[in-house]
Amino acid sequence: MGANSDVVIIGGGLAGLTSAIHLSKSRLKVILIEKNEFPKHKVCGEYISNEVLPYFEYLGLKISDLKPSNIDKLEFSNTKGKVISCELPLGGFGISRYVLDNYLSEKAVEYGCRIIQDSVIDIQFVENQFHVSTSNNLKLKSKIAIGAFGKRSNIDQKLNRDFIQKKSPWLAIKAHYSGKFSANLVGLHNFEGGYCGVSNVENNIINICYLVDYETFKKHKNIEEFQSKVMCQNPNLKSIFEISTLLFEKPLTISQICFEKKATVENHILMIGDTAGLIHPLCGNGMAMAIHSAKIASELIIDFLDNRINSRKELEEKYIQQWNSNFKNRLAMGRFLSKIVQHEKLASILMQLLIIFPFMLPKIIRKTHGKPIILKS
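Asker: Describe helix 3 (residues 97-110), and please don't skip the residues or the numbers.
Answerer: The first and last C-alpha atoms of helix 3 sit 19 Å apart over 14 residues, in line with the 20 Å expected at 1.5 Å per residue. Within the sequence span of helix 3, burial applies to R97, L100, D101, N102, Y103, L104, S105, K107 and A108. Structurally, helix 3 contributes buried residues whose contacts are with helix 1 (14-25), strand 3 (47-49), strand 6 (114-117) and helix 8 (286-305). G112 lies just past helix 3 and shows a positive phi near 115°.

Asker: Go over the pattern of salt bridges, please, and point to the residues and values.
Answerer: A side chain with one charge can pair with a side chain of the opposite charge if their charged atoms come near. With the rule as written, the count across this model stands at nine salt bridges. A salt bridge links R308 to D303; the nearest nitrogen and oxygen atoms lie 2.8 Å apart. Here R308 falls in the exposed class, since its relative accessible area comes to 52%. Within the structure, one salt-bridge network assembled from shared partners comprises K42, R97 and D101.

Asker: I'd like a rundown of helix 1, residues and numbers included.
Answerer: Helix length check: helix 1, at twelve residues, gives a terminal C-alpha distance of 16 Å against a target of 16 Å (1.5 Å per residue), a fit within 8%. Most of helix 1 is tucked away, with eleven of its twelve residues classed as buried. At the exit of helix 1 stands R27, carrying a positive phi of roughly 70°.

Asker: I'd like a rundown of unusual backbone geometry, residues and numbers included.
Answerer: Here the residue pair F38 and P39 is connected by a cis peptide bond, since its omega of -5° sits within 30 degrees of zero. Considering the arrangement of structural elements, one finds P39 in the loop between strand 2 (30-34) and strand 3. The phi dihedral of K67 is positive, around 60°, even though this residue is not glycine. Along the polypeptide, K67 turns up in the loop between helix 2 (53-58) and strand 4 (69-77). Accessibility expressed as a relative area gives 60% for K67, which makes it exposed. Phi is positive for N307, close to 65°, though the residue is something other than glycine. Taking relative accessible area as the criterion, N307 reaches 63% and is therefore assigned exposed.

Asker: Could you give me a rundown of the packing of aromatic side chains, with the residues and numbers involved?
Answerer: Per the stated rule, a full pass over the model turns up eight aromatic pairs. Ring plane angle 15° and centroid distance 6.5 Å describe the contact between Y55 and Y58, whose orientation is recorded as stacked. Here Y55 and its partner Y58 are both found in helix 2, three residues apart, which amounts to about one turn of the helix. Taken together, a centroid distance of 6.0 Å and an interplanar angle of 70° make the contact between Y177 and F241 edge-to-face. Of this pair, Y177 sits in strand 10 (residues 170-178) while F241 sits in helix 7 (residues 235-242); the two residues are 64 residues apart in sequence, bridging distant segments of the chain. Taken as a pair, Y177 and F241 share a single burial class, namely buried.

Asker: Can you break down the pairing of strand 9 (residues 139-147) residue by residue, with the values?
Answerer: Direction of pairing for strand 8 (residues 129-134) relative to strand 9: antiparallel, over a ladder of four bridges. Bridging from a neighbouring strand, S133 pairs with K139 of strand 9. As paired elements, strand 9 and strand 17 (residues 269-271) share two bridges and run parallel to each other. Looking at strand 17, one finds that G147 is bridged to M271.

Asker: Give a detailed account of the pairing of strand 12 (residues 194-200), specifying residues and quantitative values.
Answerer: By the criterion of burial, strand 12 is predominantly enclosed, with six of the seven residues buried. Pairing of strand 11 (residues 185-191) with strand 12 involves six bridges; the strand directions are antiparallel. Bridge pairing in strand 12 links N190 to Y195. Summarising the sheet, strand 12 and strand 13 (residues 206-213) pair through seven bridges and their orientation is antiparallel. Residue pairing in the sheet places C196 in a bridge with Y210 of strand 13. In sequence, strand 12 turns back onto strand 13 through a hairpin of five residues, with N203 there showing a positive phi of about 60°.

The rules behind the values
Residues numbered from 1 in each chain as written. Predicted model: local features only at pLDDT ≥ 70, side-chain atom pairs only at ≥ 80, totals over all residues. Heavy atoms only, no water. Helix = DSSP H or I, 4+ residues; strand = E, 2+ residues; numbered from the N terminus. Expected span 1.5 Å × (residues − 1). Buried < 20%, exposed > 50% of the residue type's maximum accessible area, 1.4 Å probe, protein only. Contact = heavy atoms within 4.5 Å. Salt bridge = Lys/Arg side-chain N within 4 Å of Asp/Glu carboxyl O. Phe/Tyr/Trp six-rings, centres within 6.5 Å; stacked < 30°, edge-to-face > 60°. Pairing = 2+ DSSP bridges.

Geometry only, nothing functional implied.
Take a look at the structure:
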């Protein structure tokens with residue numbers, strides 16, 4: 001069984017679906033391959049900066065119909081529970097991946113994208129064309145391939161990407177809860193070995209997602225014990241867990257999360273979202289970056305297929321340049337802040353500085369967030 005397309009997208013997460021919508025809206029023949037069925041919960045902070053709203057409007061996406069929470073305030077605490085807060089420079093909104101990804105998949109299909117539930121087992125670039133094979137014996141040919149397969153994939157191993165050779169100590173855990181938490185607030189709370197994000201999504205559901213060093217986590221029998229004995233040492237997290245009720249059968253987990261630098265283009269595949277680079281959840285901006293990277297790649301692909309970009313080499317060079325221009329410094333700041341927060345003494349010094357100079361916190365936030373996405377004229 002075979003099929004041809006202008007663009008094949010491997011992965012149906014936030015970046016892959018956004019690119020599918022953009023390219024299909026431009027009347028290109030797009031096939032997206034996603035191994036999971038929609039809707040599906042994902043480990044994610046589920047907060048998006050408002051920088052994406054002009055782009056969503058251009059794509060015809062009415063996010064307000066999904067009833068997201070509107071977030072305009074940040075609260076940060078250290079391991080001892082000392083709190084500092086500020087207004088978010090741009091603000092943002094909270095929406096679950098369960099609802100958002102499903103909505104985006106429906107919009108992509110509405111615009112003409114073909115979504116196939118399958119797993120890619122091989123991708124080759126031969127004679128200026130991509131040849132994609134799936135576990136269900138589907139053979140695809142495409143002019144362009146986009147890698148949107150997330151944080152870690154068997155495709156990364158197939159491509160022998162540099163970061164996949166290194167072990168990563170990070171484990172991420174996420175669950176939804178019922179309870180009371182300020183709808184306009186995103187909380188970032190430090191604890192020994194990691195940090196936790198808390199915010200509302202649609203329907204007043206509380207999303208709690210945290211990143212922890214596996215060496216710290218494995219000292220405890222299970223998630224419940226870790227939360228009660230380690231995370232709840234921060235009184236802010238203790239009070240949240242005490243008045244919240246788990247809505248999932250059990251929390252979702254993912255391991256081997258890598259924040260190492262990644263190549264933006266591998267074997268002529270344009271990488272977008274987490275596949276191209278992952279910002280620490282501490283910065284609360286990974287979803288906006290994924291969406292923005294999809295826009296950058298989509299616009300350049302359209303120019304390439306319309307012969308406004310003269311060669312594949314030029315396409316790849318332009319994409320790398322635009323990725324670095326928009327995200328390189330933000331990713332570096334994310335890694336820097338994460339190292340500070342992981343070191344208790346440095347985190348305490350940072351907290352003291354922020355208390356004395358509160359204007360610094362919005363400045364730090366701006367370093368990890370972008371400006372409203374500008375649409376191509």
